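Okay, here's what each chain looks like letter by letter:
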Amino acid sequence: MTHDLLLRNVRPFGAAATDMLIRDGRIARIAPDLPAEPELAEEPGGGAILLPGLVEAHTHLDKSLWGMGWREHQAGPSLRDKIDTERRLRKEWNIDPERQSMRQALLSLGHGSTAIRSHVDVDTETGLAGIEGVARTREALQGLVDIEIVAFPQSGLMSRPGTLELLDKALSGAADVVGGLDPCGIDADPKGQLDAVFALADRHGKPIDIHLHEPGELGAFSMEMILERTRALGMQGKVTISHAFCLGMPDRDRARALVADLAEARIHVATVATPSRPVPLAEDLRAAGVTLCAGSDGIRDTWGPYGNGDMLERAMLLGLRNNLRADSDVEHALWCCSWGGAHVMGLEDYGLEKGCRADLVLVEAESVTHAVVSRPPRRLVLKGGKIVAREGRSLREAP
Ligand SMILES: [Zn+2]
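This one's a predicted model, so the numbers in the text were calculated from it and none came from an experiment.

Definitions and cut-offs
Residues numbered from 1 in each chain as written. Predicted model: local features only at pLDDT ≥ 70, side-chain atom pairs only at ≥ 80, totals over all residues. Heavy atoms only, no water. Helix = DSSP H or I, 4+ residues; strand = E, 2+ residues; numbered from the N terminus. Contact = heavy atoms within 4.5 Å. Lys, Arg positive; Asp, Glu negative; His and termini not counted. Charge placed at Lys NZ, Arg CZ, Asp CG, Glu CD. Axes fitted to C-alpha atoms, helices over the stretch in contact; angles between N-to-C directions. Parallel < 35°, antiparallel > 145°, perpendicular 65-115°, else oblique. Left-handed = near helix turned anticlockwise from the far one by under 90°. Expected span 1.5 Å × (residues − 1). Bend = angle between axes of the 7 residues up to and from the residue. Buried < 20%, exposed > 50% of the residue type's maximum accessible area, 1.4 Å probe, protein only. Pairing = 2+ DSSP bridges. Domains from an automatic or database assignment. Buried area = accessible area lost by both parts, 1.4 Å probe. Salt bridge = Lys/Arg side-chain N within 4 Å of Asp/Glu carboxyl O. Polar contact = N/O pair within 3.5 Å; in protein donor to acceptor, adjacent residues only side chain to side chain. Donors = N, O, S within 2.8 Å, 3.2 Å for Na, K, Ca; no water. Tetrahedral: all angles 85-135°; square planar, octahedral: opposite > 155°, others 65-115°. Core = buried A, V, L, I, M, F, W, Y, C linked by side-chain atoms within 4.5 Å. Phe/Tyr/Trp six-rings, centres within 6.5 Å; stacked < 30°, edge-to-face > 60°. Lys NZ or Arg CZ within 6 Å of the ring centre and 35° of its normal.

## Focus on the overall build of the protein chain
Stage number 1. Helices and strands together make up the secondary structure of the protein chain, namely eleven helices and 16 strands.
Stage number 2. Overall, the C-alpha framework of the protein chain stretches about 65 × 45 × 40 Å when taken along its three principal axes.
Stage number 3. In the protein chain, 75% of the contacts between residues at least 6 apart in sequence involve partners at least 24 apart.
Stage number 4. Taken together, the 46 basic and 58 acidic charged side chains of the protein chain have centroids lying 2 Å from each other.

## A short note on the packing of helix 9 (residues 311-321) against helix 10 (residues 327-345)
Stage number 1. For the pair helix 9 and helix 10, interaxial distance at closest approach is 8 Å and the crossing angle is 135°. Viewed along their axes, helix 9 and helix 10 adopt a mutual orientation that is oblique. Of the two possible hands of crossing, helix 9 and helix 10 adopt the one that is right-handed. Two secondary-structure elements touch here, helix 9 through Met311, Leu312, Arg314, Ala315, Leu318 and Gly319 and helix 10 through Ala333, Leu334, Cys336 and Cys337.

## Quick word on helix 10
Stage number 1. If you check helix 10, its first and last C-alpha atoms are 26 Å apart, about what 19 residues at 1.5 Å a residue would give, namely 27 Å.
Stage number 2. The sharpest bend along helix 10 measures roughly 45° and falls at Trp335.
Stage number 3. Listing the buried residues of helix 10 in full gives Val330, His332, Ala333, Leu334, Cys336, Cys337, Ser338, Gly340, Gly341, Ala342, Val344 and Met345.
Stage number 4. With its phi angle positive at about 70°, Gly346 sits one or two positions after the end of helix 10.

## Focus: the sheet that holds strand 9 (residues 208-211)
Stage number 1. With parallel pairing, the eight strands of this open sheet are ordered in space as 5-6-7-8-9-10-11-12. Both edges of this open sheet fall to strand 5 (54-59) and strand 12 (292-294), since each of them pairs with a single strand only. Adjacent strand axes in the sheet meet at a mean angle of 25° when their direction is disregarded.
Stage number 2. As paired elements, strand 6 (residues 113-121) and strand 7 (residues 146-152) share seven bridges and run parallel to each other. Considered in strand 7, the bridge of Ala115 is made with Asp146.
Stage number 3. The sheet strands contacting helix 2 (residues 97-110) are strand 5, strand 6 and strand 7, and the helix crosses strand 6 at an angle near 150°.

## Examining the sheet that holds strand 2 (residues 18-23)
Stage number 1. A sheet is described by the order of its strands in space; here eight strands give the open sequence 3-2-1-4-13-14-15-16, paired in mixed fashion. Two strands in the sheet have a free side with no partner beyond their single neighbour: strand 3 (26-31) and strand 16 (393-394).
Stage number 2. Relative to strand 16, strand 15 (residues 386-390) runs antiparallel, the two being bridged by two bridges. Within the sheet, the bridge partner assigned to Ala389 lies in strand 16 and is Ser394.

## Comments concerning the domain arrangement of the protein chain
Stage number 1. Segmenting the protein chain into domains produces domain 1 (5-51 + 352-394) and domain 2 (54-345).
Stage number 2. Centre-to-centre, using C-alpha coordinates, domain 1 lies 30 Å away from domain 2.
Stage number 3. Overall, the association of domain 1 and domain 2 removes approximately 1,900 Å² of surface from exposure, summing both partners, and the carbon and sulfur fraction of that is 67%.
Stage number 4. The tally of links between domain 1 and domain 2 comes to four salt bridges.
Stage number 5. Here Arg357 ties to Asp146 by a salt bridge, and the two come within 2.9 Å at their closest N and O atoms.
Stage number 6. Our count for the contact surface shared by domain 1 and domain 2 stands at six residue pairs in polar contact (both at pLDDT 80 or more).
Stage number 7. For the side of domain 1 that touches domain 2, the secondary-structure elements that each account for two or more residues are strand 13 (360-363), helix 11 (368-374), strand 14 (380-383), strand 15 and strand 16.

## A few points about unusual backbone geometry
Stage number 1. Of note, the phi angle at Ala244 is positive, near 50°, even though the residue is not glycine.
Stage number 2. Ala244 gets classed as buried once you look at its relative accessible area, which sits at 0%.

## A few points about the environment of Arg325
Stage number 1. Checked against the element boundaries, Arg325 lands in the loop between helix 9 and helix 10.
Stage number 2. For the pair Arg325 and Thr291, spaced 34 residues apart in the sequence, the C-alpha separation amounts to 20 Å.
Stage number 3. Side chain to side chain, Arg325 and Asn323 meet in a polar contact 2.6 Å long.

## Some thoughts on the coordination of the zinc ion
Stage number 1. Within the first shell, the zinc ion binds the protein through His58 (NE2), His60 (NE2), His211 (NE2) and Asp297 (OD), at distances of 2.1 to 2.2 Å.
Stage number 2. Its four donor atoms give the zinc ion angles of 87 to 172° at the centre, a pattern that matches the irregular case.

## Digging into the environment of Tyr350
Stage number 1. Relative to the assigned elements, Tyr350 resides in the loop between helix 10 and strand 13.
Stage number 2. Put simply, Tyr350 and Trp339 are eleven residues apart on the chain and 7.5 Å apart in space, counted from C-alpha to C-alpha.
Stage number 3. Reaching out from Tyr350, the side chain makes a polar contact with the backbone oxygen of Gly53 at a distance of 2.5 Å.

## Things to note about the nonpolar core
Generally speaking, soluble globular proteins have nonpolar side chains that are buried together.
Stage number 1. Counting residues in each nonpolar core, the largest one holds 81 residues, and the members touching the most others are Leu51, Ile208, Met223, Ile226, Leu247, Leu262 and Leu334.
Stage number 2. Looking at this core, the element that brings in the most residues is helix 5 (residues 190-204), giving six residues.
Stage number 3. Setting aside its immediate chain neighbours within four residues, Met223 contacts Leu212, Ile241, Ala244, Cys246, Leu247, Leu258 and Leu262.
Stage number 4. Core analysis: the second largest hydrophobic core is formed by 15 residues, Leu7, Met20, Leu50 and Leu382 among them.

## Some thoughts on the packing of aromatic side chains
Stage number 1. Inspection of every chain in the model, using the stated rule, returns two aromatic pairs.
Stage number 2. Taking 5.5 Å as the distance between ring centres and 80° as the angle between the ring planes, the aromatic pair formed by Phe13 and Trp339 counts as edge-to-face. With Phe13 in the loop between strand 1 (5-12) and strand 2 and Trp339 in helix 10, this pair connects stretches of sequence that are 326 residues apart.
Stage number 3. On the basis of relative accessibility, which here comes to 24%, the residue Phe13 falls in the partly exposed class.
Stage number 4. When the centroid spacing of 5.9 Å and the interplanar angle of 90° are considered together, the rings of Trp339 and Tyr350 count as edge-to-face. You can see Trp339 sitting in helix 10 and its partner Tyr350 sitting in the loop between helix 10 and strand 13, a full eleven residues away along the chain.
Stage number 5. Its guanidinium or amino end placed over the ring of Trp93, Arg71 lies 5.0 Å from that ring's centre, counting from NZ or CZ.

Next up, the structure:
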């Protein structure tokens, strides 16, 4: 089924008002005063800003508590406490990955995210149930939102025998990306974990996205091992480091040298712009040419009560965290939440030019920066030219 549509009076990324014709799910013409055609649906834009579909490039669809009523948060202070609490509550609270991923994906779609990269837990207790649940949601939402699944060994890889085999199985099935985390801090076996992760990626021909919370020199040590393996296997452009807190270390020269190495190996960085931890500086990455994408991370899960899936809000948080004030800098924060994520996910024909897929968001604002700081409800969201959300809510009802 094709979705032809004439969008009237819209401003692509804040440019002058124009009309946009969408044919067969793609942007076919951009010009003012395009002629009306019988049978061609029209949508008035009212001079609103047109953005490409936003990209939620780092989240955990399988573990949100969205729609389950408010739950008191009780996760302990350490990373290990949070991981163990989560494994326990997953059973006690019946956090069903299929239902919860559907709820969160539709929430995000209402806010204009048309593509999502989700890390999904794989461990010896849950097995592949999380992956299978999110895969069913992906299937059910085909044509509404693109979902990429990272097989994520949240509870450890080398320290939990049996997890490696499960990851291998996940990658033979629904998983698109090999995950990893804190090879020193969680597994205390950086060589073991990283060799295993890169071997899986090499064997399955799939990209890598590693959570790296390790701070300072410890994180830098792991990062150097990731760099080494990326070069050795020719995986330039196919590796993402999520969080990369070590790049927020006080020694700016050391951090910049690491950023230069990331640029050379074409390794991407995903950030949440968390206010509570050191984070990689957006300006350093931008200056070096490292692609920075952004995500919500966990939304209302057992780790914490925050998050709402709004990538305009994430752009604002990125701006606040990096002290971005000039409009052009705030626009770059939004770039990270759109083009940056699309680049990392390898989305083809992404953008606002003729020929691009018509994944579009209409938001009422005077400028792009105004949209980021005021975050009005998304008036319209299109996926492949089809209207999938209006006034901040997806047209598909959540379970
Ligand atoms: Zn995460």
